[in-house]
Amino acid sequence: ENYHAVLTENRKLFNELQELKGNIRVFCRVRPFLPGQGAPNTVVEYVGEDGELVVTNPTKPGKDGLRKFRFNKVYSPAATQAEVFTDIKPLVRSVLDGFNVCIFAYGQTGSGKTYTMTGPDGASEEDWGVNYRALNDLFKISQSRKGNINYEVGVQMVEIYNEQVLDLLSDDIVVFLFTLTLHTLGILSTISQNGLAVPDASMYPVKSTSDVITLMDIGLQNRSVGATAMNERSSRSHSIVTVHVRGKDMKTGSVLYGNLHLVDLAGSERVDRSEVKGDRLREAQHINKSLSSLGDVIFSLASKSSHIPYRNSKLTQLLQSSLGGQAKTLMFVQLNPDAISYSESMSTLKFAERVSGVELGAAKSSK
Ligand code: ADP
């Protein structure tokens, strides 16, 4: 019907896509103050239209305490889930054209990483995070291409805790918890894995958003197994939802593969080594190691180093196919708005600033 509108949108998406290829993008999102948090005392002074963010040092009032950052996008605390998704839609859609894409959320615990990636607990459609929206959109587009290109979609979900990869959709737990639902999902996927799947983790074929919701519920349930409190555990582990797409061109018979990694990283807060011992210290060391490995991979890609240290952590090993080369990478930098979080916010922002604008793999002359 609205042919011209569609055409214009497609052209816009295409241009944005060309720009994304081979680069890492950084989008910064500031969480709003939550009800009951007391009198808001913010350090995030100004969120600019053009990707600018100004942070004030609470102990240094006035000009001296101001620090300005610039990212590809900066969201005000009022930004909705739908607005955020609109900006990453082209990236998500490119998976159906055979690209590998990685979207991850980085920030201290409580800064909104899970909110951005998944949404709040028991989210209604309006509150859905990137994960559900991405799958929903992939189904929508693949439906519209049916007959020309036929797609199969498979999902894996793992958690990395203390450098161990745990399958969140592991068969026996799934069968145990959700025998009935399993019938509607079918058996283990027949989708060709193209060598990119998480080794040994179960993969399920999905046909609709409701399949995805069911699977993610199972994964989230399993994530809390063995944890004293779910929030504690989830802030100390990385969770990765991997979407595999296989598309068959019905005219030529050629087949394409794309994958999408959706990563909710462990909290980036620094832990005072003198204060923690035992399990906590071990967890903190593993988190530091994997987050710094992620940084190392990104920075060595940027410097076109001949050795990219993917193998230094489980996280970078799993994400290898979507970091570098023709892959497209997007990082959500999450911030707490309050003054107490100032020093954590600054270290998050400094990491983000180093990552921002880094060119990965295929170089592009204009930016
Ligand atoms: P993290 O995953 O970084 O530990 P969460 O996503 O759990 O943080 O967010 C902490 C709290 O803040 C949660 O209660 C969450 O629902 C809320 N929250 C985070 N971001 C937003 C937002 N943009 N709008 C409303 N509430 C948010």
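What you see is a predicted model, and the numbers here were worked out from it, not measured in a lab.

So, how was this worked out
Every chain begins its residue count from 1, and numbering advances along the sequence as written. Predicted model: local features are reported for residues with pLDDT of at least 70 only, side-chain atom pairs are reported and counted for 80 or more only, and whole-chain, interface and lining totals are derived from all residues. Here, a nonpolar core denotes buried Ala, Val, Leu, Ile, Met, Phe, Trp, Tyr and Cys residues that are linked to one another through C-beta atoms within 7 Å. Put simply, a residue is buried when 20 or more other C-beta atoms lie within 10 Å of its own C-beta and exposed when 12 or fewer do; between those, it is partly exposed, and each C-beta is set from the backbone. In DSSP terms, a helix is any run of H or I states spanning at least four residues, a strand is any run of E spanning at least two, and both are numbered starting from the N terminus. Contact between two residues is assigned whenever their backbone-derived C-beta positions fall within 7 Å. Placing the C-beta atom from the backbone, one calls a residue near a molecule or strand if that atom lies within 6 Å of it. In this classification, Asp, Glu, Lys and Arg are treated as charged, Ala, Val, Leu, Ile, Met, Phe, Trp, Tyr, Cys and Pro as nonpolar, and every other residue, Gly included, as polar. In short, DSSP must find at least two bridges between two strands for them to pair. UniProt positions are given in the numbering used here, feature names are shortened, and annotations may be inferred rather than shown by experiment. Scored from 0 to 100, pLDDT reflects the predictor's confidence in each residue.

**Structural notes on the nonpolar core**
The tendency in soluble globular proteins is for nonpolar side chains to be buried side by side. Counting 78 residues, the largest nonpolar core has Cys28 and Met331 as the members making the most contacts within it. The dominant element in this core, judged by the number of residues it contributes, is strand 7 (residues 149-161), at eight residues. Setting aside residues up to four positions removed in sequence, Met331 forms contacts with Ile24, Val26, Phe104, Tyr106, Ala352 and Val355.

**Here we look at the site of the ligand**
Lining the immediate surroundings of the ligand are 14 residues, of which Gly112, Lys113, Thr114, Tyr115 and Pro120 lie closest. If you tally residues by element for the shell around the ligand, the top one is helix 3 (residues 113-117), at three residues. Its residues assigned to classes, the shell around the ligand comprises four nonpolar, eight polar and two charged.

**A few points about unusual backbone geometry**
You will see that Asn162, though not glycine, has its phi angle at about 50 degrees, which is positive. By secondary structure assignment, the location of Asn162 is in the loop between strand 7 and strand 8 (164-167). Positioned with a positive phi, Glu163 is a non-glycine residue whose angle comes to about 65 degrees. Looking at where Glu163 falls in the secondary structure, it is placed in the loop between strand 7 and strand 8. For Glu163, a count of 14 C-beta atoms within 10 Å puts it in the partly exposed group.

**Section: the pairing of strand 12 (residues 328-335)**
Regular strands place side chains that alternate from one sheet face to the opposite one. Along strand 12, eight of the eight residues are buried, which leaves the element largely enclosed by surrounding structure. Residues Lys328, Leu330, Phe332 and Gln334 of strand 12 are buried on one face, and the alternating residues Thr329, Met331, Val333 and Leu335, pointing to the opposite face, are buried as well. Where strand 1 (residues 24-30) and strand 12 come together, seven bridges link them in parallel fashion. Bridge pairing links Val26 to Met331 in strand 12. Here six bridges tie strand 6 (residues 100-106) to strand 12, and the two strands are oriented parallel to one another. Bridge pairing links Ile103 to Leu330 in strand 12.

**What to know about the UniProt feature "binding site: ATP" (unreviewed entry) in the chain**
Following the UniProt record, the feature "binding site: ATP" (unreviewed entry) maps to Gly107, Gln108, Thr109, Gly110, Ser111, Gly112, Lys113 and Thr114 here. Structurally, Gly107 is set in the loop between strand 6 and helix 3. Judged by local crowding, Gly107 falls into the buried class, with 29 C-beta atoms found within 10 Å. Here Gly107 is in contact with Lys113, Ser268, Val333, Gln334, Leu335 and Thr348, once residues within four sequence places are set aside. With respect to the helices and strands, Thr109 occurs in the loop between strand 6 and helix 3.

**Some details on the confidence of the model for the chain**
In low-pLDDT segments, the atomic positions of the prediction should not be examined closely. Here the chain averages 80 in pLDDT, and 77% of its residues register 70 or above. Within the chain, the element-level pLDDT minimum falls on helix 5 (residues 171-185), averaging 43, and the maximum on helix 3, averaging 96. This stretch, residues 226-230, has a pLDDT under 50; its non-local contacts, to residues over four places away or in other chains, come to three contacts. Below pLDDT 50 for its whole length, residues 360-367 participates in 20 contacts with residues either more than four positions away or in separate chains. Across the interface, the model reports ipTM at 0.99; the global pTM reads 0.86.

**Things to note about the environment of Asp217**
Its location among the elements puts Asp217 in helix 6 (residues 209-224). Accessibility expressed as a C-beta count within 10 Å gives 14 for Asp217, which makes it partly exposed. Along the backbone, Asp217 and Leu169 are 48 residues apart, and their C-alpha atoms lie at a distance of 10.0 Å.

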